[in-house]
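Reading the structure
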Number of protein chains: 2
Amino acid sequence: MDQFARTTKDLGAVLRRARKAQNLTQEQLADRAGLWQRTVSNIETSASGAKLDTIFDLLAALDLEIRIVPRSKMTPADIEDIF
Amino acid sequence: MDQFARTTKDLGAVLRRARKAQNLTQEQLADRAGLWQRTVSNIETSASGAKLDTIFDLLAALDLEIRIVPRSKMTPADIEDIF
DNA sequence: CAGGTTTATGATCCGCAAGGCATATTGACA
DNA sequence: TGTCAATATGCCTTGCGGATCATAAACCTG
């Protein structure tokens, strides 16, 4: 179940899922990333068009990375859905 | 050859490769994305910690999207390299 | 090497994210 | 339902990205 994102909204949702999957509160994550709970909240709810640097701080704190792929590429899950 | 990024520098390089792969100049891409050539240049050279929204504008113009994956995960290509 | 195209960069203005601190809301659970 | 943890949000300041106008520097290519 690969997470993909095309908008800040998508990304906020993905980050929230990832944080919860690691059982972290916004504050714990913020501490790890050297940010503020306020900022984490803003990003997860896409209440603000965050800065790229901030996102990478969060990704690092969550031990995640980004892959850039063509848009229309179907995922294995999509293909399964056809059959 | 999946492109991944952990820093703005990485992402700038990936975007530049993607743009060249589509034979676009910075100006053409900027037009498509509703940005300025100046901005595209800044992002590709990571001369500035861009805004997330701007990145998504570029990705859309290049018909790309982002996938968020665990850091240490090996790619199929990596696995092939072993054998 | 000259001339044109592509990319980098100077300078100013404006808007907004994040820093910083506090409080209000919401959510979960005994 | 009362209570504590977790999340959302109000406010002010400061720093910096992007818009917008340039021009300079680098890169092809004949």
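Refer to the structure printed above.
Residues numbered from 1 in each chain as written. Chains lettered and ligands numbered in written order. Predicted model: local features only at pLDDT ≥ 70, side-chain atom pairs only at ≥ 80, totals over all residues. Heavy atoms only, no water.

Our focus in this paragraph is empty space enclosed by the protein. A water-sized probe rolled over the atoms picks out the places where empty space is left. This structure, assessed with the given rule, holds 1 cavity of 30 Å³ or more. Counted as a void, the largest cavity has a volume near 50 Å³. Taken together, Leu52(A), Thr8(B), Leu11(B), Gly12(B), Leu15(B), Ile43(B), Ser46(B), Ser48(B), Ala50(B) and Ile55(B) make up the lining of the largest cavity. For the lining of the largest cavity, the leading source of residues is helix H1 (residues 8–21) of chain B, giving 4 residues. Looking at the lining of the largest cavity residue by residue, the classes come out as 6 nonpolar, 4 polar and no charged. (1 Å grid on protein atoms, 1.4 Å probe; cavity = no way out; pocket = protein on both sides within 12 Å on 5 of 7 lines; lining within 4 Å. Points joined across faces, edges and corners; volume = space filled by probe spheres on them. Helix = DSSP H or I, 4+ residues; strand = E, 2+ residues; numbered from the N terminus. Nonpolar A, V, L, I, M, F, W, Y, C, P; charged D, E, K, R; others polar.)

What follows concerns the protein's contact with DNA strand C. Near DNA strand C there are 17 residues, and of these Trp36(A), Gly49(A), Arg19(B), Gln26(B) and Arg38(B) occur at the shortest range. Within the side chain of Gln37(B), a nitrogen or oxygen atom sits 3.1 Å from a base nitrogen of DNA strand C. Sorting the residues of the surface near DNA strand C by element identifies H1 and helix H3 (37–44) of chain B as the ones contributing at least two each. When residues of the surface near DNA strand C are assigned to their parent elements, the largest contribution, 3 residues, is made by H3(B). (Near = heavy atom within 4 Å. Polar contact = N/O pair within 3.5 Å; in protein donor to acceptor, adjacent residues only side chain to side chain.)

Following the criterion strictly, the structure yields 8 salt bridges over all chains and no others. For Arg6(B), the salt bridge goes to Glu65(A), with nearest N and O atoms at 2.5 Å. Here Arg6(B) is found in the loop between strand S1 (3–5) and H1, whereas its partner Glu65(A) is found in strand S2 (residues 64–70) on a different chain. Taking the relative accessible area as the measure of exposure, Arg6(B) reaches 31% and is therefore partly exposed. Residue classification places Glu65(A) among the buried positions, given a relative accessible area of 2%. Two residues, Arg19(B) and Glu44(B), come together in a salt bridge whose shortest N-O distance is 2.6 Å. (Salt bridge = Lys/Arg side-chain N within 4 Å of Asp/Glu carboxyl O. Buried < 20%, exposed > 50% of the residue type's maximum accessible area, 1.4 Å probe, protein only.)

To continue, consider the sheet that holds strand S1 (residues 3–5) of chain A. Pairing is antiparallel across the open sheet formed by 4 strands, whose spatial order is S1(A)-S2(B)-S2(A)-S1(B). Each edge of the open sheet is held by one strand with a lone partner, namely S1 of chain A together with S1 of chain B. Adjacent strand axes in the sheet meet at a mean angle of 35° when their direction is disregarded. Bridge analysis of S2(A) against S1(B) gives 3 bridges, and the strand direction is antiparallel. In the strand pairing of S1(B), Arg67(A) is matched with Phe4(B). Its contacts with the sheet place helix H4 (residues 52–61) of chain A against S2 of chain A together with S1 and strand S2 (64–70) of chain B, and it is angled at close to 120° to S2(A). Where helix H4 (residues 52–61) of chain B meets the sheet, its contacts fall on S1 and S2 of chain A together with S2 of chain B, and the angle it forms with S2(B) comes to roughly 115°. (Pairing = 2+ DSSP bridges. Axes fitted to C-alpha atoms, helices over the stretch in contact; angles between N-to-C directions. Contact = heavy atoms within 4.5 Å.)

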